[in-house]
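# Examining the three-dimensional arrangement
Here are the chains, one letter per residue:
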Amino acid sequence: MRILAAQLTSHLCRRRPVNVRSRQHSSSSYERGFPDEREMEEEAERKIGWLFKLIFAGTATIIGYNIFPYLGDNLIQQSVSLLNVKDPLFKRMGASRLARFATDDERRMKIVEMGGAKQLVEMLEAAKDDATRKEALNAIIAIARSDEAVGALHSAGAISVITATPQSTADAEIEKFKAKLLKRFKDMKYDQN
């Protein structure tokens, strides 16, 4: 184990390889400027400990990032509220969060009940740039996976707003999103008049 720790320490510290000697010769190697075996082991343990701490912190951060946004209706309400702000950046953030929250029919309907569907349609109608249109369409697609939510989107006038959305020459995804949504409305037998 001591040999392995010495090799690991020499590799991590980028020092010259250290000849690992038995305990009886350790004092003579220390006199020549080489660290004691115990010091090398402690240094290796310290570095490995920091490595494990960093791995744990990174894992906890990733898990927290993926779990905490879904913890309550309060966050959905905050995301819907972001759609009311005048700044397009905040509108995009709200739409992006709503798209992430719309993972099942219950949450999609919660978004609709809080006025998210209507707000997204209004956001799409008032959008002046492609990035805002793209986020609004992406969130509408996420909500439209529920049949009841499609009805609410239709009531909010989504079909006319989607067809009136200007074509994007810079972002082809916007046209794909529009076609996908119009197909979804057609499949649900909502006419496009």
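Use the structure listed above.
Summary of the structure given here. On a predicted model such as this, the values are computed, not experimentally measured, just so you know. (Residues numbered from 1 in each chain as written. Predicted model: local features only at pLDDT ≥ 70, side-chain atom pairs only at ≥ 80, totals over all residues. Heavy atoms only, no water.)

## Describing the nonpolar core
Counting 37 residues, the largest nonpolar core has Leu98, Leu120, Ile143, Leu153 and Ile162 as its most contacted members. Among the secondary structure elements, those contributing two or more residues to this core are helix H4 (73–82), helix H5 (88–101), helix H6 (105–113), helix H7 (116–126), helix H8 (130–143), helix H9 (147–155), helix H10 (158–164) and helix H11 (172–187). Per element, the largest residue contribution to this core is 7 residues, and it comes from H8. Among residues more than four places away in sequence, those in contact with isoleucine 162 are Leu124, Leu137, Lys178, Leu181, Leu182 and Phe185. (Core = buried A, V, L, I, M, F, W, Y, C linked by side-chain atoms within 4.5 Å. Buried < 20%, exposed > 50% of the residue type's maximum accessible area, 1.4 Å probe, protein only. Helix = DSSP H or I, 4+ residues; strand = E, 2+ residues; numbered from the N terminus. Contact = heavy atoms within 4.5 Å.)

## Observations regarding the packing of H7 against H8
Relative orientation of the contacting elements H7 and H8 amounts to 155 degrees, with a least axis distance of 9 Å. As far as their axial angle goes, H8 and H7 are roughly antiparallel. For the pair H7 and H8, the sense of crossing is left-handed. Across the interface between the two elements, Leu120, Val121, Met123 and Leu124 from H7 touch Thr132, Arg133, Ala136, Leu137, Ala139, Ile140 and Ile143 from H8. Tallied by class, residues from the contact of H7 with H8 come to 9 nonpolar, 1 polar and 1 charged. (Axes fitted to C-alpha atoms, helices over the stretch in contact; angles between N-to-C directions. Parallel < 35°, antiparallel > 145°, perpendicular 65-115°, else oblique. Left-handed = near helix turned anticlockwise from the far one by under 90°. Nonpolar A, V, L, I, M, F, W, Y, C, P; charged D, E, K, R; others polar.)

## Quick notes on a nonpolar patch on the surface
Among the surface-exposed residues, Val85, Leu89, Phe90 and Met93 lie close enough to one another that they form a single nonpolar patch of about 300 Å² accessible area. Tracing the chain through its elements places phenylalanine 90 in helix H5. (Patch = residues over 30% accessible without salt bridge, like charges linked within 9 Å, V, L, I, M, F, W, Y side chains within 5 Å. Areas by Shrake-Rupley, 256 points an atom, 1.4 Å probe, with all protein chains shown as cover. Salt bridge = Lys/Arg side-chain N within 4 Å of Asp/Glu carboxyl O.)

## Comments concerning the packing of aromatic side chains
Under the defined criterion, the tally for this structure stands at 0 aromatic pairs. If you follow lysine 53 out to its NZ or CZ, it ends over the ring of tryptophan 50, 4.7 Å from the centre. (Phe/Tyr/Trp six-rings, centres within 6.5 Å; stacked < 30°, edge-to-face > 60°. Lys NZ or Arg CZ within 6 Å of the ring centre and 35° of its normal.)

## Things to note about the pattern of salt bridges
Using the criterion set out here, one finds 10 salt bridges in the structure. With a shortest N-O distance of 2.6 Å, glutamate 173 and lysine 134 are connected by a salt bridge. Of this pair, glutamate 173 sits in helix H11 while lysine 134 sits in helix H8, and the two are 39 residues apart along the sequence. With a relative accessible area of 34%, glutamate 173 lands in the partly exposed category. Beyond isolated ion pairs, a larger network of salt bridges with shared partners links Lys134, Asp171 and Glu173.

## A closer look at H9
For an α-helix, the turn length of 3.6 residues means that residues three or four places apart are oriented alike. Buried within H9 we find Ala149, Val150, Gly151, Ala152 and Leu153. Residues of H9 that are buried sit in contact with H6, H7, H8, H10 and H11. Remark: glycine 157 follows H9 within two positions and exhibits a positive phi of approximately 85 degrees.

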